[in-house]
Amino acid sequence: FPSHDRSAPGSVSQVRECAGHLMGLAKTDGMTVILIGHVTKDGNIAGPKVLEHMVDCVLSFEGDLSHNFRLLRSLKNRFGATHELGVFQMNSLGLEEVENPSELFLEERGQNLIGSVVFASMEGTRPLLCEVQALTLNSPMPMPRRTALGIELNRLHLLGAVLDRHLEMKLNHSDVFINVVGGLKLSDPSSDLAVAAAILSTELRQSIDAHAVFFGEIGLTGEVRAVAFAELRLKEADKLGFNHFVLPYSNKKHLQDLGLLKGKKITWIKNMGDLHRFIKNGMSSNQKPLF
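Reference entry: report on the structure contained in this document. (Residues numbered from 1 in each chain as written. Predicted model: local features only at pLDDT ≥ 70, side-chain atom pairs only at ≥ 80, totals over all residues. Heavy atoms only, no water.)

1. Some details on unusual backbone geometry
What is expected of a backbone is that most residues other than glycine have negative phi and most peptide bonds are trans. Rules: Strands are runs of DSSP state E lasting at least 2 residues, helices are runs of H or I lasting at least 4, and numbering of each runs from the N terminus.
The phi dihedral of Lys170 is positive, around 60 degrees, even though this residue is not glycine. Locating Lys170 in the fold gives a position in the loop between helix H4 (153-167) and strand S8 (174-180). One non-glycine residue with positive phi stands out, namely Phe229, at about 60 degrees. Residue position: Phe229 is located in the loop between strand S11 (224-225) and helix H6 (230-239).

In structure tokens, the structure reads:
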């Protein structure tokens with residue numbers, strides 16, 4: 001590198017100069033250059049942000065000490081879609097790609113569990129099924145705890161307020177715990193319906209059909225809104241053997257491939273009242289749909 005750059009190691013000018021020369025090398029010789037760096041406690045790339053602006057793609061390789069799989073996320077892609085997800089599993093031979101991540105995250109799930117709901121998520125352009133668990137307990141504390149692993153804590157506060165207002169659940173006297181199994185982190189607002197169903201299931205002590213899949217966004221007025229990529233989510237659920245779909249009523253007019261719904265149990269949810277009746281009636285695999 002040029003000797004005239006006397007900047008301190010790690011400074012903005014030095015990072016920009018080094019990255020510029022590596023970019024020139026890559027474009028001149030047609031090679032791929034991979035820069036490996038550290039991340040901060042917040043998960044951001046350490047050092048000047050100028051490096052993220054210069055490169056074509058930023059990948060984040062995440063892992064959890066309690067699990068043997070690793071997640072590869074695309075945070076920036078100048079020539080393609082972002083927020084894609086690759087799942088790899090660590091074994092004795094090294095990292096192996098997991099071709100069907102949904103099976104990985106659902107393989108240890110039981111039957112008709114209380115407080116356990118399957119959610120059809122979208123990670124970039126890939127549909128992914130995961131398990132959302134909820135637990136509520138009466139709290140002696142004046143300020144009950146709200147713990148969310150895998151979803152934003154503010155989202156849990158919002159859903160708790162909606163349940164209290166529209167269903168009079170009185171969650172202000174209970175600790176509420178939410179966990180997305182497998183260490184997944186969901187940013188998709190369509191997880192609202194699954195989280196609310198899991199909370200209602202554990203609060204009402206009602207099990208949910210193990211072959212049911214949920215997705216839908218909940219508004220502050222208690223309505224359940226349509227979500228995007230409904231057909232992709234349903235195809236992934238159908239491929240894994242799920243035969244009961246709990247969907248927003250607004251998605252009914254957007255579904256083009258109605259063949260997906262043939263031979264399936266469909267429950268259309270318009271608002272929180274519909275969801276409450278659905279959970280309270282104890283929908284099991286041998287019952288008929290409510291709607």
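Let's pick the thread back up.
2. Comments concerning the packing of aromatic side chains
The geometry of an aromatic ring pair is captured by the separation of the ring centres together with the interplanar angle, meaning the angle of the planes. To keep it simple, the criterion reads: Aromatic rings from Phe, Tyr and Trp, taking only the six-membered ring of Trp, are treated as a pair when their centres fall within 6.5 Å; an angle between ring planes under 30 degrees marks them as stacked, one over 60 as edge-to-face, and anything in between as tilted. Comment: the charge-over-ring label is applied if NZ (Lys) or CZ (Arg) is within 6 Å of the ring centre and within 35 degrees of the ring normal.
Tallied over the entire structure, the rule returns 1 aromatic pair. The ring centre of Phe215 lies 5.3 Å from the NZ or CZ of Arg233, which sits over that ring. It is Lys270 that lies over the ring of Tyr249; its NZ or CZ is 4.6 Å from the centre.

3. Comments concerning the sheet that holds strand S3 (residues 85-91)
Applied cut-off: In this description, strands pair whenever DSSP reports at least two bridges between them. Under this scheme, a helix contributes an axis fitted over its contacting stretch, all axes are lines through C-alpha atoms, and angles between N-to-C directions fall in the 0 to 180 degree range.
Sheet architecture is open: 4 strands sit in the order S1-S2-S3-S4, paired in antiparallel fashion. The open sheet terminates on both sides in strands that have one partner only, identified here as strand S1 (57-63) and strand S4 (94-97). Ignoring which end each strand starts from, the neighbouring axes of this sheet average 30 degrees apart. Summarising the sheet, strand S2 (residues 69-77) and S3 pair through 5 bridges and their orientation is antiparallel.

4. Regarding the packing of helix H5 (residues 192-204) against helix H7 (residues 272-280)
Put simply, the rule reads: Roughly parallel means an angle under 35 degrees; roughly antiparallel, over 145; roughly perpendicular, 65 to 115; everything else is oblique. In a left-handed crossing the near helix is turned counterclockwise from the far helix by less than a right angle, and in a right-handed crossing that turn is clockwise. Contacts are assigned to residue pairs that have any heavy atoms within 4.5 Å of one another. Ten residues, namely Ala, Val, Leu, Ile, Met, Phe, Trp, Tyr, Cys and Pro, are considered nonpolar, four, namely Asp, Glu, Lys and Arg, are considered charged, and the remaining ones, Gly among them, are considered polar.
Taken N-terminus to C-terminus, the directions of H5 and H7 make an angle of 45 degrees; their axes are 10 Å apart at the nearest point. Classified by the angle between their axes, H5 and H7 sit oblique to one another. Pair H5 / H7 crosses with right-handed handedness. Between H5 and H7, the residues in contact are Leu193, Ala196, Ala197, Leu200, Ser201 and Leu204 and Met272, Leu275, His276, Ile279 and Lys280, respectively. Residues belonging to the contact of H5 with H7 are distributed by class as follows: 8 nonpolar, 2 polar and 1 charged.

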